[in-house]
Amino acid sequence: MLTMQNVLGGFEVGKAWNVTVILALFFYLFVSLFPVLKSKVLAGISLAFTFILLLALGWASHAASLTEWSGFVVHSLHFLAVTVWVGILLIVGWCSKNQENWLSYLKWFTPLAIGCFLTIMGTGIYLMTLVIDVNEYGDTWMLPYGQALLLKHLTIIPVLFFAFINGFWIRRKLQRQEQINPIPWLKFESILLFFTFVSTAVLGQQEPPHSIEITLGGSGSSAVFDYFYSGIIDPSMHVQFGLNTISTMFFIVAIIFMWLILYSFRKKAPASVSFFMGMFCILSLYLGLIASIQ
């Protein structure tokens, strides 16, 4: 009980947790008692609840604890962009009854998604620099934190291919009045984003490597890195990269899988085919990068 009192009353993350629980309860009661979906005013109040909950998450973030205001603002903006982009994508992809008005939807959602993605990229780079030195990005791969960060970044690559298909290629086909169902493609894009969220969740459970040497000496290296790296791991070592036959082959295979994502769509294959091509692309890129470590 003493530990709970200290955490919930003395730590910023505990205070943010208190605010989150109280707001979530009030929000639940609000949407349960009032017809939120039938009134723009009530819907606006619901959005205000959501936004405040989002700020509470930014308040509890590691970035907010490292800076006075910039970490809180940037992390909140980062999560807001993710929420707007992926939230709309999930609702439309999994709750749409048909594809009517799809061109009207793409007309406003595509530029919104591009703006959100650029915001995510910019704020994400800033948040990463708070935790690690960009020049030591490769060195973090020796740690569980770095492995999760690498996989998070790699999962974004096939997402971009699906975003291009959903935002531009499908629009062009619909404008030509070609027969195509865009809903499955939106669903598989959201599934790819789920793996990005999984990597982010794993990332949040790892110790941030503010000092890679100290972290490596204390908690040790990643089990995955140990499996692939045959050399001796020293806390003061730096990861060196160099192309070799194996890594080059994996990179070529990854490029082929990238091409197959688009080729499968062009040949009117099911969206699941492009999805698996995207997953194989992530795996090939990962193995190529790991194999290039000297």
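**Thoughts on the packing of helix α8 (residues 183-204) against helix α12 (residues 271-291)**
One can describe the packing of α8 onto α12 by two numbers: an axis separation of 9 Å at closest approach and a directional angle of 25 degrees. Considered as vectors, α8 and α12 are oriented roughly parallel to each other. Relative to α12, α8 is oriented so that their crossing is right-handed. Mapping the contact onto sequence places Pro 184, Trp 185, Phe 188, Ile 191, Leu 192 and Phe 195 in α8 and Ala 271, Ser 272, Ser 274, Phe 275 and Met 279 in α12.

**A few points about the pattern of salt bridges**
Side chains carrying opposite charge are able to pair once their charged atoms draw close together. Tallying each qualifying case throughout the model produces two salt bridges. Between Lys 15 and Glu 12 there is a salt bridge, and its shortest N-O distance comes to 3.7 Å. Here Lys 15 pairs with Glu 12, and both are found in helix α2 (residues 12-33), just three residues apart, close to one helical turn. Overall, the relative accessible area of 41% leaves Glu 12 in the partly exposed class.

**Some remarks on a nonpolar patch on the surface**
A contiguous nonpolar surface patch, about 750 Å² in accessible area, is contributed by Ile 22, Phe 26, Tyr 28, Leu 29, Val 31, Leu 33 and Phe 34. Within the secondary structure, Phe 26 is located in helix α2.

**A few points about the nonpolar core**
Counting residues in each nonpolar core, the largest one holds 61 residues, and the members touching the most others are Trp 85 and Trp 102. When residues of this core are traced back to their parent elements, those giving at least two are α5 (70-95), α6 (102-131), α7 (144-175), α8, α9 (212-219), α11 (245-266) and α12. Looking at which element gives the most residues to this core, the answer is α7, with 11 residues. Excluding residues within four positions of it along the chain, Trp 85 makes contact with Phe 109, Ala 113, Cys 116, Phe 117, Ile 120, Val 159, Glu 189 and Leu 193. Core analysis: the second largest hydrophobic core is formed by seven residues, Leu 23, Phe 27, Leu 42 and Leu 53 among them.

Definitions and cut-offs
Residues numbered from 1 in each chain as written. Predicted model: local features only at pLDDT ≥ 70, side-chain atom pairs only at ≥ 80, totals over all residues. Heavy atoms only, no water. Axes fitted to C-alpha atoms, helices over the stretch in contact; angles between N-to-C directions. Helix = DSSP H or I, 4+ residues; strand = E, 2+ residues; numbered from the N terminus. Parallel < 35°, antiparallel > 145°, perpendicular 65-115°, else oblique. Left-handed = near helix turned anticlockwise from the far one by under 90°. Contact = heavy atoms within 4.5 Å. Salt bridge = Lys/Arg side-chain N within 4 Å of Asp/Glu carboxyl O. Buried < 20%, exposed > 50% of the residue type's maximum accessible area, 1.4 Å probe, protein only. Patch = residues over 30% accessible without salt bridge, like charges linked within 9 Å, V, L, I, M, F, W, Y side chains within 5 Å. Areas by Shrake-Rupley, 256 points an atom, 1.4 Å probe, with all protein chains shown as cover. Core = buried A, V, L, I, M, F, W, Y, C linked by side-chain atoms within 4.5 Å.

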